[in-house]
Amino acid sequence: MRCLTLADALSTRGAECHFICREHPGHLIEFIRSKGYGVSVLPVSAFEPERAPASVEPQLAHADWLGVRWQQDADECAAILTKKQTDWLIVDHYALDSRWESALKNNYSKLMVIDDLADRSHVCHLLLDQTYSRAPADYLPWVPEDCILLCGSRYALLRPEFAQIRSYSLQRRANSHLRQLLITMGGVDRHNATGKVLEKLKSCELPADCRIVVVMGATAPWLSDVQRCAEQLPWTVEIKVDVRDMAQLMADSDFAIGAAGATSWERCCLGLPTIMLVLADNQRTIAQALDAVGAAFLSDLLTLDVRPLITMQQIEPATLSAMSASAASITDGLGVLQVVDILICKI
């Protein structure tokens with residue numbers, strides 16, 4: 001989704017953008033095409049983890065996310081790129097590093113990497129890490145000396161509607177009260193974090209007139225279970241599927257329970273107080289950083305059976321207002337414009 005946001009911003013400046021995607025379960029290939037972009041599709045095949053001798057550099061932590069060996073992926077991408085004149089190749093994948101990038105060096109003019117792990121080498125011309133508190137020094141051991149490093153949430157790749165509605169969202173939080181609670185755990189939510197949150201809310205003392213809005217994807221495997229669970233709650237619960245106005249929905253909400261990750265920057269831009277759940281290890285850095293500055297409360301999916309998810313202290317007006325102000329200071333939603341300016345300038 002962040003690559004789509006970047007592509008949309010580049011397209012408005014006259015760039016032609018093309019995607020290369022592999023057909024993993026849950027892919028967004030048709031959605032990308034519906035946005036008007038060409039997509040080259042790579043097939044899914046049986047993946048056998050590489051068994052390298054102990055003396056060879058170990059596999060990347062997320063190597064199996066690629067679905068094939070990196071050499072095969074590079075060959076398949078090269079076959080596509082040789083037919084195109086590519087000014088910038090933009091790669092966003094935890095399973096790819098300098099080996100893949102070097103193998104494709106004859107197929108692009110410049111390379112941009114989107115990352116948020118700082119755990120592997122790159123041979124890129126520009127690297128973007130939109131993690132809050134991320135510093136360029138974190139990547140100095142991993143990139144060439146002349147690499148342009150765009151680090152920190154000021155560069156967060158948010159769709160323009162978030163910046164457009166930011167003023168409205170912040171103004172309505174001047175006198176914060178919990179009237180609408182937003183729950184969003186990602187479109188697929190394969191671990192059923194949404195259902196576990198709803199179960200835990202049964203023991204929470206929410207205002208009697210609180211309205212709960214749950215956002216899920218149409219293909220979420222636990223959707224029917226979540227609908228049944230929602231019917232058991234004493235509050236009004238609305239389940240929205242495949243939402244297209246997330247910025248407005250966030251702006252109209254007073255509190256959120258959501259997964260840590262890229263959507264954290266959307267909530268921060270709109271000053272939406274949040275309990276963040278860490279659903280994957282690569283989300284923990286973001287969640288801890290935002291919790292440390294009071295921009296969100298950090299929780300963990302495993303702890304939901306141990307303590308209340310929401311306490312009365314967390315939803316007091318003064319607490320909501322303070323958290324909103326801290327969150328809003330993280331990003332203004334204009335990061336994608338800064339990134340696009342640099343990409344065009346450096347062609």
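Residues numbered from 1 in each chain as written. Predicted model: local features only at pLDDT ≥ 70, side-chain atom pairs only at ≥ 80, totals over all residues. Heavy atoms only, no water.

**Student:** Could you clarify how one ought to interpret the overall build of the protein chain in this entry?
**Tutor:** Summing up its helical and strand segments, the protein chain has 12 helices and 12 strands in all. Here the C-alpha radius of gyration of the protein chain, 21 Å, is about what a compact globule of 347 residues would show, namely 20 Å. Each of the three principal axes of the protein chain carries a C-alpha extent, and together these read 60 × 40 × 40 Å. Scored against the burial criterion, the 347 residues of the protein chain give a buried share of 50%. Considering only intrachain contacts with a sequence separation of at least 6, the fraction spanning at least 24 residues in the protein chain is 59%. In the structure as shown, the protein chain presents an accessible area of about 16,500 Å², 52% of it carried by carbon and sulfur atoms. (Helix = DSSP H or I, 4+ residues; strand = E, 2+ residues; numbered from the N terminus. Rg over C-alpha atoms; globule rule 2.2 N^0.38 Å. Buried < 20%, exposed > 50% of the residue type's maximum accessible area, 1.4 Å probe, protein only. Contact = heavy atoms within 4.5 Å. Areas by Shrake-Rupley, 256 points an atom, 1.4 Å probe, with all protein chains shown as cover.)

**Student:** Is there a simple way to explain the sheet that holds strand β10 (residues 255–259) in this structure?
**Tutor:** Within a sheet, adjacent strands bond to each other through the backbone by hydrogen bonds, running parallel or antiparallel. Reading across the sheet, the six strands line up as β9-β8-β7-β10-β11-β12 and stay open at both edges, with parallel pairing between neighbours. Strands with a single pairing partner mark the edges of an open sheet, and in this sheet they are β9 (236–241) and β12 (297–300). Looking at each pair of strands side by side, their axes are set apart by 20° on average, direction ignored. Strand direction decides the pairing type here: strand β7 (residues 180–184) and strand β8 (residues 211–216), joined by five bridges, are parallel. What sits directly across from Leu182, in β8, is Val213. (Pairing = 2+ DSSP bridges. Axes fitted to C-alpha atoms, helices over the stretch in contact; angles between N-to-C directions.)

**Student:** Help me out: how do you make sense of the state of the cysteines in this one?
**Tutor:** Note: disulfide means a covalent bond formed between the sulfur atoms of two cysteine side chains. Under the definition given, this model contains zero disulfides. There is no disulfide at Cys124, and the cysteine sulfur nearest it, in Cys147, is 3.8 Å away. Overall, Cys124 belongs to the buried group, its relative accessible area being 2%. A disulfide-free cysteine, Cys269 has its sulfur positioned 8.8 Å from the sulfur of Cys268, the nearest such atom. (Disulfide = S-S within 2.5 Å.)

**Student:** Honestly, the side chain of Arg173 in this entry has me stumped. Any pointers?
**Tutor:** With respect to the helices and strands, Arg173 occurs in the loop between α5 (160–171) and β7. Here Arg173 sits buried without a salt bridge, and the closest side chain of opposite charge, Asp254, lies 4.8 Å off (N-O distance). Not counting residues within four places of it along the chain, the set of residues in contact with Arg173 comprises Met250, Ala251, Ser253, Asp254, Leu270, Gly271, Leu272, Pro273, Ser321 and Ser324. (Lys, Arg positive; Asp, Glu negative; His and termini not counted. Salt bridge = Lys/Arg side-chain N within 4 Å of Asp/Glu carboxyl O.)

**Student:** Would you take a moment to explain helix α11 (residues 317–328) for this structure?
**Tutor:** Side chains of residues three or four places apart in an α-helix project in the same direction, reflecting 3.6 residues per turn. With 12 residues, α11 extends 16 Å between its outermost C-alpha atoms, agreeing within 8% with the 16 Å of an ideal straight helix rising 1.5 Å per residue. Of all the residues in α11, the buried ones are Leu320, Met323, Ser324, Ser326, Ala327 and Ala328. Against α5, β10, α9 (263–269), β11 (274–278) and β12 lie the buried residues of α11. (Expected span 1.5 Å × (residues − 1).)

**Student:** Honestly, the environment of Ser34 in this entry has me stumped. Any pointers?
**Tutor:** Relative to the elements of secondary structure, Ser34 occurs in helix α2 (residues 29–34). Residue Ser34 is classed as exposed on the basis of its relative accessible area of 56%. Counting along the chain gives 133 residues from Ser34 to Ser167, while the straight-line C-alpha distance between them is 30 Å.

**Student:** I would appreciate a short explanation of helix α1 (residues 2–12) in the present structure.
**Tutor:** If you check which residues of α1 are buried, you get Arg2, Leu4, Thr5, Leu6, Ala7, Ala9 and Leu10. In this fold, the buried residues of α1 make contact with β1 (18–22), α2, β3 (88–91), β4 (110–114) and α12 (335–345). After α1 finishes, the residue Gly14 shows a positive phi value of roughly 95°.

**Student:** Could you clarify how one ought to interpret the sheet that holds β3 in this entry?
**Tutor:** Taken together, the four strands give an open sheet; going across it, the order is β3-β4-β5-β6, and neighbouring strands pair in parallel fashion. Both edges of this open sheet fall to β3 and β6 (148–151), since each of them pairs with a single strand only. For this sheet the average axis-to-axis angle between neighbouring strands, irrespective of direction, equals 15°. Pairing of β3 with β4 involves four bridges; the strand directions are parallel.

**Student:** Please explain the nonpolar core as it appears in this structure.
**Tutor:** General note: in soluble globular proteins, nonpolar side chains tend to be found buried as a group. Core analysis: the biggest nonpolar cluster contains 30 residues, and Leu181, Ile183, Leu201, Leu206, Ile212, Ile257 and Ile310 have the highest contact counts within it. Taken together, the elements giving at least two residues each to this core come down to β7, α6 (193–201), β8, α7 (223–230), β10 and β11. Beyond its immediate stretch of four places on either side in the chain, Ile212 contacts Leu181, Ile183, Leu201, Leu206, Leu233, Trp235, Thr236, Val237 and Glu238. Membership of the second largest hydrophobic core comes to 29 residues, among which are Phe162, Ala247, Ala256 and Leu270. (Core = buried A, V, L, I, M, F, W, Y, C linked by side-chain atoms within 4.5 Å.)

**Student:** Please clarify how the pattern of salt bridges should be interpreted in this entry.
**Tutor:** Pairing is possible between side chains of opposite charge, provided their charged atoms come close. Taken as a whole and judged by the stated rule, the model has 19 salt bridges. As a salt-bridge pair, Arg120 and Asp115 come within 3.1 Å of each other at their nearest N and O atoms. Here Arg120 matches Asp115 in class, with each residue buried. A cluster of three or more residues bridged by salt bridges with shared partners is formed by Arg2, Asp92 and Asp116.

**Student:** What am I meant to see in the environment of Ser109 here?
**Tutor:** As for its position among the elements, Ser109 is in the loop between α4 (98–103) and β4. Looking at Ser109, the relative accessible area reads 49%, which means it is partly exposed. In sequence terms Ser109 and Val143 are 34 residues apart; their C-alpha atoms lie 17 Å from each other.

**Student:** Sorry, what's going on with the environment of Gly294 here?
**Tutor:** Among the secondary structure elements, Gly294 is positioned in the loop between α10 (284–292) and β12. Note on Gly294: relative accessible area 32%, which makes it partly exposed. For the pair Gly294 and Ser326, spaced 32 residues apart in sequence, the C-alpha separation works out to 6.2 Å. Excluding residues that lie within four positions of it along the chain, Gly294 makes contacts with Met323 and Ser326.

It is worth stressing that arrangement in space is one thing and function is another; only the former is reported here.
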